[in-house]
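Observations on the model geometry
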Amino acid sequence: MESVLSATMVAVGIILGLTFLGLSIGLGVLGGKIAESIGRNPETKNDVIHSIMTILVVLAIFLLFLFTFIYILLYLNPFAS
């Protein structure tokens, strides 16, 4: 029982670490591309910002799904019973 819970804690730590690592790298690349595109064509700033906001909303929804999955693993663990 305790080995399952400790393995779950390790898995949750790895999941969160890799998620936020990938998220930070992806947002950095995205921000660089935004600055590059607005620098090349400043009159399309509003269109670029609206597109990026849509992407960020979808990303936030996926993060909420991830936190729900982690909550299920931590508190309603199907492997611990």
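Each remark here, short or long, concerns the structure printed above.
Attention in this report is confined to the structure presented alongside it. (Residues numbered from 1 in each chain as written. Predicted model: local features only at pLDDT ≥ 70, side-chain atom pairs only at ≥ 80, totals over all residues. Heavy atoms only, no water.)

Observations concerning the overall build of the chain
Within the chain, the regular secondary structure consists of two helices and zero strands. Taken against the 2.2 N^0.38 rule, which gives 12 Å for 81 residues, the C-alpha radius of gyration of the chain at 18 Å runs more than 25% over that of a compact globule. Across its three principal directions, the C-alpha atoms of the chain cover 60 × 20 × 10 Å. Accessible surface, the chain: about 6000 Å² in total, of which carbon and sulfur atoms supply 75%. (Helix = DSSP H or I, 4+ residues; strand = E, 2+ residues; numbered from the N terminus. Rg over C-alpha atoms; globule rule 2.2 N^0.38 Å. Areas by Shrake-Rupley, 256 points an atom, 1.4 Å probe, with all protein chains shown as cover.)

Examining the packing of aromatic side chains
In this structure the tally under the stated criterion is two aromatic pairs. Considering the side-chain rings of Phe20 and Phe67, the 6.2 Å spacing of their centres and the 40° angle between planes classify their relative orientation as tilted. Pair noted here: Phe20 is in helix H1 (residues 2–40) and Phe67 is in helix H2 (residues 45–75), with a separation of 47 residues, a long-range link. Measuring from ring centre to ring centre gives 5.0 Å for Tyr71 and Tyr75, while their planes differ by 45°; the resulting arrangement is tilted. With Tyr71 and Tyr75 both in helix H2, this residue pair falls four residues apart, about one helical turn. According to the relative accessible area criterion, Tyr71 is partly exposed, its value standing at 46%. (Phe/Tyr/Trp six-rings, centres within 6.5 Å; stacked < 30°, edge-to-face > 60°. Buried < 20%, exposed > 50% of the residue type's maximum accessible area, 1.4 Å probe, protein only.)

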